[in-house]
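# Topology and contacts: notes
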Amino acid sequence: MLKKKGVLRELYTNRILFLMLLPVLLYFLINNYLPMIGIYYAFVQFDFNTSLFQMDFVGLKNFEFLWKSGKLTELTINTVGYNVAFILLVNFLSITVAVLLSEVKGKWFKKITQSALFLPYFVSFVILSVIVFNLFNYEQGVLNTVLQQLGGEPVDVYSKPKLWIFLIIMFFLWKNFGYSMVIYLASITGISEEYYEAAKIDGANIFQRAWHITVPMLKNTFAILLLFSLGSIMKGQFDLFYQMVGNNGLLFSTTDILDTYVYRSLRVTFDMGMATAAGVYQSIFGFTLIMVVNTIIRKINKDYALF
């Protein structure tokens, strides 16, 4: 009873603040929680002529079909594999470039370089698809035009699945690493100059200062960005894959991820049950992964954990 009075007293005392919070709560309730009722589609046999709760309940058969077809394994490997590569390479490049730029003394050079590297982040995925198509189009693409002028044979890039593993990773890095680099650069500017001055007095060169001062100071930022990235590791950058690959079935073996499969299931096959089952699996996998990694990080150092 005291606890209830405490809660009511808290609500009354801070009623203005809670009223200000109400629109946010309503937004998440309407847009994030109420649609979760649709998860039930994963456990029924979808029928356009029947309402959701009147469809035949089939339990885990949609999940079973995904597993036995082998598609779930392929989608999981592709989704996780690409995202692990994205996370590791983006953070490595971002930290490296941020450390190098922090040591540059030229103010204008630093600003121009930082802006140039950050600019691709604002390029839409539609524009990116146009760039990719004009580069690798078989008939009039830049690559084949150059090859033919040099006396070589044109290459049909859109029929080589393994090649797209490198292309997708390359274009993702080109578009996104500048954003992370700015975050790391902001963290570096917050490091006290006293550490560097003391290191100079002790005779440390620029590389030793970067390795023993700058990089360790970025551990907290890296841990937070890592956890945020792991939370969406099963989402797979749908815009990137769909805009670059589209519905080219020749490339699905190496470029099909959970998001593109769900979209194609809804748009092409209209299999709501299968698409929802894949989405539920995606959410559970991502949630479990971030909880496990956060627990591990919390045991190593509580300051680096999200919660």
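Everything in this summary refers to the structure shown in the same document. The structure presented is a predicted model; accordingly, all values stated were derived computationally and were not measured.

Calculation rules
- Residues numbered from 1 in each chain as written.
- Predicted model: local features only at pLDDT ≥ 70, side-chain atom pairs only at ≥ 80, totals over all residues.
- Heavy atoms only, no water.
- Helix = DSSP H or I, 4+ residues; strand = E, 2+ residues; numbered from the N terminus.
- Buried < 20%, exposed > 50% of the residue type's maximum accessible area, 1.4 Å probe, protein only.
- Contact = heavy atoms within 4.5 Å.
- Lys, Arg positive; Asp, Glu negative; His and termini not counted.
- Charge placed at Lys NZ, Arg CZ, Asp CG, Glu CD.
- Salt bridge = Lys/Arg side-chain N within 4 Å of Asp/Glu carboxyl O.
- Axes fitted to C-alpha atoms, helices over the stretch in contact; angles between N-to-C directions.
- Nonpolar A, V, L, I, M, F, W, Y, C, P; charged D, E, K, R; others polar.
- Parallel < 35°, antiparallel > 145°, perpendicular 65-115°, else oblique.
- Polar contact = N/O pair within 3.5 Å; in protein donor to acceptor, adjacent residues only side chain to side chain.
- Phe/Tyr/Trp six-rings, centres within 6.5 Å; stacked < 30°, edge-to-face > 60°.
- Expected span 1.5 Å × (residues − 1).
- Bend = angle between axes of the 7 residues up to and from the residue.
- Core = buried A, V, L, I, M, F, W, Y, C linked by side-chain atoms within 4.5 Å.

Within the protein chain, the secondary structure is distributed over 15 helices and 2 strands. With the C-alpha coordinates aligned to their principal axes, the bounding extent of the protein chain is approximately 80 × 75 × 35 Å. In the protein chain, which comprises 307 residues, the share counted as buried stands at 35%. Long-range contacts, defined here as pairs at least 24 residues apart, represent 65% of the contacts in the protein chain between residues at least 6 apart. Computed over 24 positive and 18 negative side-chain charges, the separation of the two mean positions in the protein chain equals 11 Å.

Taken as a whole, this structure holds 1 salt bridge when the rule is applied. Note that D256 is salt-bridged to R264, the shortest N-O span being 2.6 Å.

On to the packing of helix α12 (residues 238-245) against helix α14 (residues 258-269). One can describe the packing of α12 onto α14 by two numbers: an axis separation of 9 Å at closest approach and a directional angle of 65 degrees. Contacts between α12 and α14 pair F238, F241 and Y242 from the former with D259, T260, Y263 and R267 from the latter. The residue inventory of the contact of α12 with α14, partitioned by class, reads 4 nonpolar, 1 polar and 2 charged.

Time to look at the packing of helix α4 (residues 71-103) against α14. It is the contact of α4 with α14, at a shortest axis distance of 8 Å, that shows an interaxial angle of 135 degrees. As judged from the angle between their axes, α4 and α14 are oblique. Of the residues in α14, those touching α4 at K71, L72, L75 and T79 are L258, Y261 and R264. Its residues assigned to classes, the contact of α4 with α14 comprises 4 nonpolar, 1 polar and 2 charged.

This part takes up the side chain of R264. Structurally, R264 is set in helix α14. Among the polar contacts listed, one links the side chain of R264 to the side chain of D256, at a separation of 2.6 Å. When neighbours within four sequence positions are excluded, R264 is seen to be in contact with K71, N247, F252, D256 and T269.

In this section: the packing of aromatic side chains. Counted according to the given criterion, the structure contains 21 aromatic pairs. Ring centres 6.1 Å apart and planes at 35 degrees place the aromatic pair Y82 and F86 in the tilted group. Taken together, the residues span about one helical turn, with Y82 and F86 both in helix α4 at a distance of 4 residues. Overall, F86 belongs to the buried group, its relative accessible area being 3%.

Look at helix α8 (residues 163-189): 39 Å from first C-alpha to last across 27 residues, which is about the 39 Å you get at 1.5 Å a residue. N176 marks the point of greatest bend in α8, at about 40 degrees.

Locating S253 in the fold gives a position in helix α13 (residues 252-255). Considering only alpha carbons, one finds S253 and K71, 182 residues apart in sequence, at a separation of 9.8 Å. Once residues within four sequence positions are removed from consideration, S253 is found in contact with E74, N78 and P161.

With respect to the element layout, D56 can be found in strand β2 (residues 56-57). You can call D56 exposed: its relative accessible area is 55%. When the C-alpha atoms of D56 and W108 are compared, they prove to be 66 Å apart, with 52 residues separating the residues in sequence. Discounting residues that sit within four places of it in the chain, D56 has contacts with F43, V44 and Q45.

Here we take up the nonpolar core. F86, V132, W164, I168, L240 and M244 are the most contacted members of the largest nonpolar core, which has 41 residues in total. For this core, the secondary structure elements donating two or more residues are α4, α6 (125-136), α8, α9 (193-201), α10 (206-217) and α12. For this core, the element with the most residues is α8, which contributes 12 residues. When neighbours within four sequence positions are excluded, W164 is seen to be in contact with Y82, V132, V157, Y158, M244, V245, L251 and T255. Counting residues in each nonpolar core, the second largest holds 22 residues, with I233, M274, A278 and V293 among its members.

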